[in-house]
Amino acid sequence: MSDSVNKILSKLVTSIEGVKDEREMLLRLVIGLAVFLLLAVFRKQISKAVVWLCTKTLARKSELAQRALIDALSTPLSFFILVFGIYIGTEIIAPSGEIRNPVLLIFKLGIIFSIAWFLINFINSDFSFVLKDDDSKTKKTAVNFISNLIKIFVIIVSALLMLEQFGISATRVFAALGIGGVAVAFACKDAVENLLSGFIIIYDKPFEVDDFIKIDNEVGQVEEIKIRTTRLRMTDGSQKIYPNTTVANSAIINLSRMSHRLVNETLGIEYKHTAKEINSFCDKIRELINSYEAVDKSDIRVNFTDYSDSALNIEVFFYADISSLTEFLAFKTKFNCDVKSLAESMNIDFAFVSRSLYFANELEIKNNIK
């Protein structure tokens, strides 16, 4: 061996307790580096094997749970194996002394970081292995909301545990926060209010994900209920984000929970039609409405109500027992087409706004000028 290598080995021997001579030190270096390289090169294969064993042991009855576990565990476990390789290699090379202490710190931080990474990945999954297709939207919303809270809890606990490794205890952190407690309280006031409002929305259930709601005279579909905000997809395609406090304190109309929907239209027909034709047309419309299964038969009104400037107005009023907005719009389309076909079969002409302009003849214009 060269003199430079001997000098390095001699320094390592003197700095590491329990190593007899340079030959033993060299052997430790070779074995330690070999173990580290082995784990570093084959960490993905080892990770796959461990994940496969975990899925077959912990989630063997559910393919969805297996997929969630694989997606959540694979990358953090591969990272942990790399950190573990550094630790094992260092333990072989330097079982005691100053070199071991920082590596031990890195190993502990790696364990905390890997566990937190796995938990956050798992929480970010869609929980399809827990939720069923026929579960209510309320349950799905609640699971999503609670998972976000757990994610924040995991991050805070992980950060405190990492600080503990540097000798900073959680009590000292909270004591430091207590010095500026008033300022922190004011800074977090809105966040806490939104958090509590989110709990109220989840518990009271004024709406659920995918519901169409009206708030502040705007209509949108609920996309997500998060810890601080509720997100709506508006009818123009844009996304509007409301603070949970605003939502909880607003009057909300849930359009998706209507047990029945009102159809109220005014049909204007031309003045040329006789009273007999009007009565007959009203009777036929009433018969048409009664023919629909979805119509509430207890309150159907078809009446010739008034004379307008350009038409004889017939008011149509009834309820359809349809809760879905999409189905209701399809029903209205069918109803309007059926009324149009009925009017065509009875030679009933719908009126439209019109005006007549009368021009004086040329002689009258000249006389007026004079």
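Residues numbered from 1 in each chain as written. Predicted model: local features only at pLDDT ≥ 70, side-chain atom pairs only at ≥ 80, totals over all residues. Heavy atoms only, no water.

Right, let's get into the overall build of the protein chain. Counting its regular elements, the protein chain contains 12 helices and 8 strands. The burial tally for the protein chain puts 30% of its 370 residues in the buried class. For the protein chain, the computed accessible surface area is about 23600 Å², with 60% contributed by carbon and sulfur atoms. (Helix = DSSP H or I, 4+ residues; strand = E, 2+ residues; numbered from the N terminus. Buried < 20%, exposed > 50% of the residue type's maximum accessible area, 1.4 Å probe, protein only. Areas by Shrake-Rupley, 256 points an atom, 1.4 Å probe, with all protein chains shown as cover.)

If you trace the backbone, Phe 107 turns up in helix 5 (residues 100–123). Residue class for Phe 107 comes out buried when judged on its relative accessible area of 12%. Taking the C-alpha atoms as reference points, Phe 107 and Phe 80, separated by 27 residues in sequence, lie 8.7 Å from one another. Residue contacts for Phe 107: discarding those within four places in its chain leaves Phe 80, Val 83, Phe 84 and Tyr 87. (Contact = heavy atoms within 4.5 Å.)

What follows covers the sheet that holds strand 3 (residues 229–234). With antiparallel pairing, the 5 strands of this open sheet are ordered in space as 4-3-2-1-5. A single partner strand is all that each edge strand has here, and the edge strands are strand 4 (239–243) and strand 5 (253–254). Looking at chain direction, strand 2 (residues 218–225) and strand 3 are connected through 5 bridges and run antiparallel. Residue Gln 221 lies in a different strand from strand 3, and its bridge partner there is Arg 233. (Pairing = 2+ DSSP bridges.)

This paragraph deals with the nonpolar core. In terms of nonpolar packing, the biggest core is built from 26 residues, with Phe 281, Ile 285, Ile 289, Ile 314, Phe 318, Phe 331 and Phe 335 touching the most fellow members. Mapped by element, the contributors of at least two residues to this core are strand 6 (261–269), helix 10 (275–290), strand 8 (312–320) and helix 11 (325–345). Apart from residues lying up to four places away in sequence, Phe 318 is in contact with Arg 261, Leu 262, Val 263, Ile 289, Val 295, Asp 299, Ile 300, Phe 331 and Phe 335. Ranked by size, the runner-up nonpolar core spans 13 residues in total, among them Phe 145, Ile 225, Met 234 and Val 247. (Core = buried A, V, L, I, M, F, W, Y, C linked by side-chain atoms within 4.5 Å.)

What follows concerns the sheet that holds strand 8. The antiparallel open sheet is built from 3 strands, whose spatial order is 6-8-7. Unpaired on one side and paired on the other, strand 6 and strand 7 (301–307) mark the two borders of the sheet. Adjacent strand axes in the sheet meet at a mean angle of 20 degrees when their direction is disregarded. Looking at chain direction, strand 6 and strand 8 are connected through 9 bridges and run antiparallel. Residue Val 263 lies in a different strand from strand 8, and its bridge partner there is Phe 318. Set on the sheet, helix 10 makes contact with strand 6, strand 7 and strand 8; between it and strand 8 the angle comes to about 15 degrees. Across the sheet, helix 11 touches strand 6 and strand 8, and the angle it forms with strand 6 is around 25 degrees. (Axes fitted to C-alpha atoms, helices over the stretch in contact; angles between N-to-C directions.)

Structurally, Ser 158 is set in helix 6 (residues 137–165). Owing to a relative accessible area of 10%, Ser 158 belongs among the buried residues under this scheme. When sequence neighbours within four positions are dropped, the list of residues in contact with Ser 158 reads Ile 112 and Ala 116.

It is worth spelling out the environment of Glu 193 at this point. By the element assignment, Glu 193 lies in helix 8 (residues 181–204). Distance in space between the C-alpha atoms of Glu 193 and Arg 228 is 8.5 Å, their sequence separation being 35 residues.

Shape is all these values report; function is a separate question.
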